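In case you want the letters, here they are:
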Amino acid sequence: MKRTLTIVASLILGAAASSAIAETKNPGTFVFLWADDVQSFDPAYIANTPSSYGVLNVYSRLLNYKGSEISDFVPAISTEVPSLENGLIKQGPDGSVSYTFPIRKGVHTHKVGLKGAGGKISWEYYDGLSDAQKSSIEPGYGEITPDDVRYTFLRAILMGQSWMSNAITEVVTAGKYTDIAKWVEAEGGGAKIKEAKPEILRKVYDQLASQITVEGDKVTLKLPKSFPATLGVIALPFGASIVDREWVASVGGWDGSGDTWINYYRPELSADPLFAQENGSGPFMLEDWNRTERRITLKRFNSYFMGPASLERVVMRTVPEWTTRRLQLLSGDADFVTTPVEFLDELSKTDGIKVVDGLPKVFGRGLFFAWPIDDVDNPAIGSGKLDGAGIPPDFFADIDVRKGFNYAQNYDVLLKQVLLGKTVQSRGPTVRGIMGYRPDSPIYSYNPAKAAEHFKKAFGGKLWETGFTLTAYVQEGTPQGTAALSALQQGLQRINPKFKLKIQSLPWASISDKLNNRAKPASPLTYMGWGPDYSDPGGPLGAASYYLSPTGLVGGMVGQGYRDLMEEKFKPLLDEAWASNDPAVREPIYAKLQEMSYEYATTQFLWEDFGYIVTRSNIDGYVNNMILYGAWDFYTIKKAN
Amino acid sequence: MLNYAFRRLLMLPVVMFALSLMIFALQMSLTPTQRLAAYAPSPDFLKGGQESIRMLIEQYGLNDPFYIQYGRWIGNILTGNLGWSETARQPVGTALASLLPATIELVFLAFFPGLLLAIYLGSRAGIYLNRWPDHLIRVFTILGWSFPVYVFGLLMLLVFYSALDWFPPGRLSQWAQAVVASPSFVRYTGANTVDALLNGNLSVFLDALRHLVAPVVTLIYVNLANMTRVMRTSMLETLRQDYVRTARAKGMPRRVVELHHARRNALLPVATIAGMELAYMMGGVVITETIFDYSGLGQFAAKSAANLDFPAILGFGLYFALVLVVLNLLVDLIYPLLDPRVKTK
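Since this is a predicted model, take the numbers as computed values, not measurements.

Reading the values: rules and limits
Residues numbered from 1 in each chain as written. Chains lettered and ligands numbered in written order. Predicted model: local features only at pLDDT ≥ 70, side-chain atom pairs only at ≥ 80, totals over all residues. Helix = DSSP H or I, 4+ residues; strand = E, 2+ residues; numbered from the N terminus. Buried ≥ 20, exposed ≤ 12 C-beta atoms within 10 Å, placed from the backbone. Contact = placed C-beta atoms within 7 Å. Pairing = 2+ DSSP bridges. Axes fitted to C-alpha atoms, helices over the stretch in contact; angles between N-to-C directions. Nonpolar A, V, L, I, M, F, W, Y, C, P; charged D, E, K, R; others polar. Domains from an automatic or database assignment. UniProt positions renumbered as here; feature names shortened; annotations may be inferred. Parallel < 35°, antiparallel > 145°, perpendicular 65-115°, else oblique. Left-handed = near helix turned anticlockwise from the far one by under 90°.

Considering the overall build of chain B
Stage number 1. Assigned secondary structure in chain B consists of 15 helices and 2 strands.
Stage number 2. With the principal axes as the frame, chain B shows a C-alpha extent of 85 × 55 × 40 Å.
Stage number 3. By residue count, 39% of the 345 residues in chain B fall in the buried class.
Stage number 4. Long-range pairs, those at least 24 residues apart, make up 73% of the contacts in chain B with a sequence separation of at least 6.

In structure tokens:
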């Protein structure tokens, strides 16, 4: 009897499991489970990659990146990609550069303004409108015009909220101002933006507006001088996603007036009218954003100007627990799930599941040296002296210490055992695909003899005698970072048992507190990772600037000593490269900077990050664009039934 | 009785004020950069550099002294505004109000059947002391107690979702979600089962119920042991009382003595434990909600704490204080109903 029951139960379980796997659930709907969240649907507000997933799919831009290319573009709302050859990029005799974008006609937003009997405008979905209703669309109300394009850029700049939108300010001012507040301060004799006189605010607006002009069906951006990353910034979803001016004004946003823009400067998220609603011209519409259940539903826009998407709906849900995501993928309730790297091999062998692996990313991981370090009550530096029980605050100012650390790291073991051979060692700030990257540039390798040689020279030989104790920090939940520090810890111990590296995992808030908004950093050695936000290595968001500029992202975190080194050795070359438009001139300079980062051992560059996706096997069409950090453009996705 | 209840409720603002001061004091022990984590929860948000960080700190007034920040918060509270939660991307009050029905739905479906089952099993175990029903019940409940919620929840998912596809995680299937989100479906309460019934939509009701089965069974089973054991012990003690012996001696039927005389009096300690259990569950069952992908107060509170989202933490703290005070009061008021000898003074 028992045996019979067991057999029957097994048969039921097997049948249920196989039917669950074989079935295509939710045809036409792409269910996307991740652990992240979208911050806002306002293109001018967002700055982080997960938030770009929303804006990227509901709005359109002038240009799009061409598939997975990071320096090539294709037309979108602009009918052509500006170039010197087609005459849409022009250099003026005064050194100014203008970019002209011919604007496509007939691009409608998801909702359009219909003029009612009393002249009142009501916003209705364009899909499903009858011809009679379409004839009553108020001109400009829901049709992307050159004026909307101009308004979009002005709004992103004047809102000043997102550092990614502020990149457009840098484009327009060719790097003179990093945000609108700086511009106002400069014009107003140093007065803060909130205290600036109305005439100063108007003056800044007029200057800005004069640089973004509309002529017929064309919009022209006039830059005071060359800014090589211009098209890269224009094709990003941040700030440059085109909004409809009339609609924004109708929902309580800025109406485009030069006298009122300050009222919309840096709004709180809750006060931003575009935070939870959209009216873009992208392939999907925001159907529902249930923030309580952290679920976003996008619905296909059938009148998308490039033709309707294959998917009818996309459901993006935040599911923090990996096992739950995994089971939903296996049962077919989810089509994509974010997956911890250690499960890739197992899932790649599972029926019905597809793993696309080894996708490149323009993102480098490293251990960041900082000096001088805050020496007041800082447990990270122990005694604060070179006595074996701590380190002096300027420990990493000694180049032999930095080189010793770099030779003490076992990169091969990390790449093979921790990263499972899926990526390559990082060669410096610029990674594969970015100008200045050369596959034969010098890199450090594990070499205890060389490490010992440098350590013996450090601090006039005293370091080798006394040893050291220091604490390195890693964000909790980053096992690869902990592994990198453990490998270094072991390497150092083998070289000299008096070299003691302690490892501490901390929440992001605590790590940030040790590096940011303080006179001196409190962490001497930190595991972090950064990547550029456009393909050009120069400019404010470029890879070389992020790492090697004294005013760059890394420089801001790792101390005055590091910044001084960058100022003295690296900045002249960065400026030289940025001043030129000619790739033949610029490439060798960035390659030189890359080599110098090795020579000066500025950072322990570990590995290039890599991407992967795990989907049901009936999902196709994913395009990995490195500069968009692999953000999902659902327009190209197909789900077979 | 009313006077007593009123006096107990008067304590509520004092408790809430003290709690808010404590949470605020804890918050102020962190630096402004740490508190910025609520607005910049990952390194991505700080790529704007030091200037951007300083602007954010200034924008959100994180450098202001304690009394100014507290004054700002309490001023908002007095106007009915609990602040903005960056975690929920909505006002704290709205987040709590929209998550509460989901938590109530889950907790009530788990708590009341669980309580009845515990009372039943506990009294049976007490009546059949050291006989096979007692042994069976003890093993069954201790087994549930020994299971970490995490393990039992995952087992439930593996068997009843992954293998059988009976009870999926989440709150609704995609198709039901579309129905609920449609304009024709009226959201009366926010509880899917109740709203489905009120809308006369049986298929959505059944779907919502199907999604509730696994978390409800998990909660019932892992929480069963505590109340069952208290009930069993209390029942044993009551069965040894003189009045029970007298009743039996007078020839009263055994069933009447056990169920009507003994069990009612044995309920007092269970009421105390049950009140605490309900309060705990109303605070959110974080692990159960996380495993079963069930958006409730527990997940929200845990994520807010991890993000140092202080308006949300404070708002949740006030909510939980309210739940604790009210449920304790309710338990106190229930005592005399269970045992008329207990008078509230």
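What follows continues from the structure just given.
A few points about the sheet that holds strand S5 (residues 97–102) of chain A
Hydrogen bonding along the main chain pairs the strands of a sheet, whether they run parallel or antiparallel.
Residue and element names in this part refer to chain A.
Stage number 1. Here we have 4 strands laid out as an open sheet, ordered S4-S5-S9-S8, and antiparallel in their pairing. Two strands bound the open sheet, and with one partner strand each, they are strand S4 (89–91) and strand S8 (212–215). Sheet twist, expressed as the average angle between the axes of neighbouring strands with direction ignored, equals 20 degrees.
Stage number 2. Both S8 and strand S9 (residues 218–223) contribute to a ladder of 4 bridges, which runs antiparallel. When the bridges of S9 are listed, Thr 213 appears paired with Thr 220.
Stage number 3. The strands touched by helix H4 (residues 146–159) within the sheet are S5, S8 and S9, with S8 carrying the most contacts at an inclination of about 175 degrees.

Focus on the interface of chain B and chain A
Stage number 1. Between chain B and chain A, the contact holds 43 residues from the first and 40 residues from the second.
Stage number 2. Sorting the residues of the side of chain B that touches chain A by element identifies helix H2 (32–35), helix H3 (49–59), strand S2 (90–91), helix H5 (92–127), helix H7 (149–163), helix H8 (174–181) and helix H13 (286–291) of chain B as the ones contributing at least two each.
Stage number 3. Ranked by residue count, the leading element in the side of chain B that touches chain A is H3(B), at 7 residues.
Stage number 4. Residues belonging to the side of chain B that touches chain A are distributed by class as follows: 21 nonpolar, 15 polar and 7 charged.

So, the domain arrangement of chain B
Residues and elements named next belong to chain B.
Stage number 1. In terms of domains, chain B is made up of domain 1 (2–90) and domain 2 (92–338).
Stage number 2. Across the contact, 25 residues belong to domain 1 and 23 residues belong to domain 2.
Stage number 3. Per element, the largest residue contribution to the side of domain 1 that touches domain 2 is 11 residues, and it comes from helix H1 (residues 2–28).
Stage number 4. For the side of domain 1 that touches domain 2, the class distribution of residues is 15 nonpolar, 7 polar and 3 charged.

So, the UniProt feature "transmembrane region" (unreviewed entry) in chain B
Residue and element names in this part refer to chain B.
Stage number 1. In the numbering adopted here, UniProt assigns the feature "transmembrane region" (unreviewed entry) to residues 99–121, 142–164, 208–225, 266–292 and 312–335.
Stage number 2. End C-alpha atoms of residues 99–121 are separated by 32 Å, and the span's content is 100% helix alongside 0% strand.
Stage number 3. For the annotated span residues 312–335, helix accounts for 100% and strand for 0% of the residues, and the straight-line distance between the end C-alpha atoms is 34 Å.

Section: the environment of B:Ala40
All names here are of chain B.
Stage number 1. As for its position among the elements, Ala 40 is in the loop between H2 and H3.
Stage number 2. Judged by C-beta crowding, with 25 C-beta atoms within 10 Å, Ala 40 ranks as buried.
Stage number 3. Separated by 267 residues in the primary sequence, Ala 40 and Asn 307 place their C-alpha atoms 8.9 Å from one another.
Stage number 4. Ignoring any residue separated from it by four or fewer positions in sequence, one finds Ala 40 in contact with Phe 45, Leu 46 and Leu 56.

Thoughts on the pairing of strand S17 (residues 525–530) of chain A
Residue and element names in this part refer to chain A.
Stage number 1. Across the 6 residues that make up S17, a large majority, 6, are buried.
Stage number 2. Neither face of S17 is left uncovered, since the one carrying Leu 525, Tyr 527 and Gly 529 and the one carrying Thr 526, Met 528 and Trp 530 both have all their residues buried.
Stage number 3. In this structure, strand S14 (residues 353–369) lies alongside S17, joined through 6 bridges in antiparallel fashion. In the strand pairing of S17, Gly 364 is matched with Trp 530.
Stage number 4. The pairing of strand S15 (residues 468–475) with S17 spans 2 bridges and is classified as parallel. Bridging across to S17, Tyr 473 finds its partner in Thr 526.

Side note on the domain arrangement of chain A
Residues and elements named next belong to chain A.
Stage number 1. If you check the domain split of chain A, you get domain 1 (30–51 + 279–358 + 611–639), domain 2 (63–261) and domain 3 (360–610).
Stage number 2. Centre-to-centre separation of domain 2 and domain 3, based on C-alpha positions: 39 Å.
Stage number 3. Between domain 2 and domain 3, the contact holds 14 residues from the first and 11 residues from the second.
Stage number 4. Of the residues in the side of domain 2 that touches domain 3, the class split is 8 nonpolar, 5 polar and 1 charged.

A closer look at the packing of helix H11 (residues 242–249) of chain B against helix H12 (residues 254–282) of chain B
Residues and elements named next belong to chain B.
Stage number 1. Put simply, H11 and H12 touch, their axes get as near as 11 Å, and they point 150 degrees apart. Put simply, H11 runs roughly antiparallel to H12. In this structure, H11 meets H12 at a crossing whose hand is right-handed. Residues Val 244, Ala 247 and Arg 248 of H11 touch H12, and the partners they reach there are Val 257, His 261 and Ala 262.
Stage number 2. Tallied by class, residues from the contact of H11 with H12 come to 4 nonpolar, 1 polar and 1 charged.

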